[in-house]
Amino acid sequence: MVPVYGKSSLWEDAVTVMGKTLAEKVWDAHVVRRGSGAEPDLLYIDLHLVHEVTSPQAFDGLRLAGRPVRRPDLTIATEDHNVPTLDIELPIADPVSRTQVDTLRKNCAEFGVRLHPMGDAEQGIVHVVGPQLGLTQPGLTVVCGDSHTSTHGAFGALAFGIGTSEVEHVLATQTLPLRPFRTLAINVDGQLRPGVTAKDVILAVIAKIGTGGGQGYVLEYRGAAIRALSMEARMTICNMSIEAGARAGMIAPDDTTFAYLAGRPHAPAGADWDAAVARWRELATDPDAEFDAEVHLDASELTPYVTWGTNPGQGLPLSGEVPDPERIGDENARIAAEKALSYMDLTPGTRLRDIAVDTVFLGSCTNGRIEDLRAAADVLRGHKVADGVRMLVVPGSMRVRAAAEAEGLDKVFLAAGAEWRAAGCSMCLGMNPDQLKPGERAASTSNRNFEGRQGKGGRTHLVSPLVAAATAVRGTLSSPDDL
Amino acid sequence: MEAFTTHTGIGVPLRRSNVDTDQIIPAVYLKRVSRTGFEDGLFAAWRADEGFVLNLEPFRTGSVLVAGPDFGIGSSREHAVWALSDHGFRVVISSRFADIFRGNAGKQGLLAAECDQSDVELLWKLLETHPGTEVTVDLREKTVRANDFTAPFAVDDYTRWRLLEGLDDIALTLRHAESIAEFERDRPQWMPVTTPARPA
Ligand code: SF4
């Protein structure tokens, strides 16, 4: 009998086994060894993505123990968190960043891991690189020493972030001892209105369930609005599952998924393709499967969302006003709001549309893909970035950059007065020189608005690429309708 | 991880309680990219004092640290264990350890041996009156011996088993290498590999 995790199993022997969810199917297909009692399951990992920040001690651990990387052929590395986005042909100026990047290069050479270094055509943010190479596929288990690994769940993969000790564990064994997650269905029914994007959906989801609402769960995004989204939009949604506290987010693969994958460098081809698609079609959650919890959202009610506070759950429709903490019932939420408003230097009652920014950041693993750049460029075409505002456009990968240049998007950004940069994490976390100065305020298409995330003392409003572009033109938080 | 059955080395008396991980290794030493070489950070603030026990012969080369209660409190940094190991310690003896420190130590092959405080006091006296005395820590017997002194110590059974077998988490998983290999044989051959790439 197949164990069904996460639910009471009392009745399983008496009644027929219930259907399984997408997450349960992928989990069950990867159990190398079922744990008993306190012992966790041992799960096989199909794809391990590596970057320079969380891997050095893991490689060093292997070296000390005299262990090889078990499956270099299931491992791939890229340089992203530290890399500068200007003058990329020069050595990295910051010695700490340079050491981390050099260390990754040495480790990959020594252990035989494929690496896409700065300047390489395939270099970019780890969560942009995997999908664009066709390595991220439905039904896989994908890990990376980075919490936004949840991005890859858009393909129906079970993908989650891990710590440095676990990175070493996967390098050495290609497995992880894990206890099953619970499942939470996020049903987004109806149809999105024009100008409302995947980013607005996920910001609304997080505002609804809270930054802890997904704790312990794998989220599965379902419903007509999700089915209608492109792969890139689905990645934006799954990417921010972590901001809702979840370990992973998933979307069942369908024809949209297969069309995206077909012909990519690492996608199966010929007879393999048919075999793969047949398998992938079986992954969708069974009609009689039960989730541990469910949430419903009506897509047709959504409008562009922006955050006003210092966690991603502190978001509101752009048409709203900065909330008054006095009117928040829950004490913890009220205190958090007060702290956030003081850090953000905002007054209750201010219209969100009146908030002026110094900086607009378009990029990151949330919104640094070609569709995001296209959407923003469409808004910017024929407009200028407002005086006193700087706009940074940082493609998620060098391939995205090349694709954008082939379409002439770089010209649109430059003509509008934006800066056109090389690929990397950049101002998403400010580990490279792209940072906010103390007190500066940004509209950012990234995923975290924590205090100091984009630079010490910097203030972040999370927005969609459309809102980012319109904001750049008007200088205050805006949607394209305001232009 | 190297198996630990019994270890003999010079005992180092550290007459302090509440030794927190910021004292064991300050944050400025956490930036490096290696998992080795953390010994320069070990007790960095205290070592600035020439009279600090680790600056004195014969304690410099000690490998059994005998410390006061509540050793390893504070942040969860695994670097605290790395620093002690890198310096050459194989055992820390204390009457009480912080949980996270004890867990981290167990992962990295450093034995955190819990003795009664009265026994710690006797050891301190012995090590101070006869500097350079060797202490033998026997994990099978769960005893600490030095000259005529013998005392029992406590360690949880799971950690003891893993240390005696020399098993870290990875080694434990590798015991199932056959199951992993079997699983790999059954994976469909069309599943993606990162090398070599077909041209885009
Ligand atoms: S773009 Fe930002 S969130 Fe994404 S991997 Fe880089 S630093 Fe992390």
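For the structure itself, look to the data block above.
A quick note: this is a predicted structure, and the numbers were derived from the prediction, not measured. (Residues numbered from 1 in each chain as written. Chains lettered and ligands numbered in written order. Predicted model: local features only at pLDDT ≥ 70, side-chain atom pairs only at ≥ 80, totals over all residues. Heavy atoms only, no water.)

K.L.:
Tell me what's going on with the overall build of chain A, and back it up with residues and numbers.
P.N.:
Of the regular secondary structure elements, chain A holds 16 helices and 19 strands. Compactness check: chain A gives a C-alpha radius of gyration of 22 Å against a globular reference of 23 Å for 483 residues, within 12% of the reference. Here chain A, with 483 residues, has 62% of them falling under the buried criterion. A separation of at least 24 residues holds for 74% of the contacts in chain A among residues at least 6 apart in sequence. Counting 46 positive and 61 negative side-chain charges, chain A places the averaged centre of each group 2 Å from the other. (Helix = DSSP H or I, 4+ residues; strand = E, 2+ residues; numbered from the N terminus. Rg over C-alpha atoms; globule rule 2.2 N^0.38 Å. Buried < 20%, exposed > 50% of the residue type's maximum accessible area, 1.4 Å probe, protein only. Contact = heavy atoms within 4.5 Å. Lys, Arg positive; Asp, Glu negative; His and termini not counted. Charge placed at Lys NZ, Arg CZ, Asp CG, Glu CD.)

K.L.:
Which residues make up the overall build of chain B, and what values do they have?
P.N.:
Regarding its fold elements, chain B presents 8 helices and 7 strands. Dimensions of chain B along its principal axes, counting C-alpha atoms only, are 70 × 40 × 25 Å. Buried positions account for 51% of the 200 residues belonging to chain B.

K.L.:
Residue-level account of the interface of chain A and chain B, with values.
P.N.:
Residue-level contacts link 50 residues of chain A with 36 residues of chain B. Taken together, both faces of the contact between chain A and chain B bury some 3500 Å²; the carbon and sulfur share is 59%. Of the charged contacts, one joins R70 of chain A and E184 of chain B as a salt bridge, the two residues approaching to 2.9 Å between their closest N and O atoms. At the surface where chain A touches chain B, the tally comes to 14 residue pairs in polar contact (both at pLDDT 80 or more). Of all elements in the fold, only strand 1 (31-33), strand 2 (41-44), helix 2 (56-65), strand 4 (75-78), helix 3 (95-111), helix 5 (164-173), strand 8 (175-178) and helix 10 (271-281) of chain A reach the threshold of two or more residues within the side of chain A that touches chain B. Here the side of chain A that touches chain B takes 6 residues from helix 5 of chain A, the largest share from any one element. Among the residues forming the side of chain A that touches chain B, the class breakdown is 22 nonpolar, 14 polar and 14 charged. (Buried area = accessible area lost by both parts, 1.4 Å probe. Salt bridge = Lys/Arg side-chain N within 4 Å of Asp/Glu carboxyl O. Polar contact = N/O pair within 3.5 Å; in protein donor to acceptor, adjacent residues only side chain to side chain. Nonpolar A, V, L, I, M, F, W, Y, C, P; charged D, E, K, R; others polar.)

K.L.:
Summarise the sheet that holds strand 6 (residues 143-146) of chain B; cite the residues concerned and give the values.
P.N.:
All names here are of chain B. If you trace the 7 strands from one edge of the open sheet to the other, you get 4-3-2-1-5-6-7, paired in mixed fashion. In this open sheet, the two edge strands, each paired with only one partner strand, are strand 4 (111-114) and strand 7 (149-152). Pairwise comparison of adjacent strand axes, ignoring direction, gives a mean angle of 30° for this sheet. Where strand 5 (residues 134-138) and strand 6 come together, 3 bridges link them in antiparallel fashion. Residue pairing across strands places T136 opposite R145, the latter belonging to strand 6. (Pairing = 2+ DSSP bridges. Axes fitted to C-alpha atoms, helices over the stretch in contact; angles between N-to-C directions.)

K.L.:
Let's hear about the side chain of S150 of chain A: which residues, and what values?
P.N.:
All names here are of chain A. Within the secondary structure, S150 is located in the loop between strand 6 (141-144) and strand 7 (158-161). Taking relative accessible area as the criterion, S150 reaches 0% and is therefore assigned buried. When near neighbours in sequence (up to four residues on either side) are disregarded, S150 contacts A159, C238, N239, S241, I242, R247, A248 and G249.

K.L.:
Go over the sheet that holds strand 1 of chain A, please, and point to the residues and values.
P.N.:
Sheet strands pair by backbone hydrogen bonding; their relative direction is either parallel or antiparallel. Ordered by their spatial adjacency, 3 strands build an open sheet running 1-2-8 (chain A), and the pairing between neighbours is antiparallel. With partners counted over all chains shown, the strands left at the sheet margins are strand 1 and strand 8 of chain A, one partner each. Between one strand and the next, the sheet's axes are offset by a mean angle of 40°, whatever the strand orientation. Bridge count between strand 1 of chain A and strand 2 of chain A: 2 bridges; the pairing is antiparallel. Each residue of the ladder has a partner; that of V31 of chain A, found in strand 2 of chain A, is L43 of chain A. Each of strand 1, strand 2 and strand 8 of chain A is contacted by helix 8 (residues 177-186) of chain B, which is oriented at about 145° to strand 1 of chain A, the strand it contacts most.

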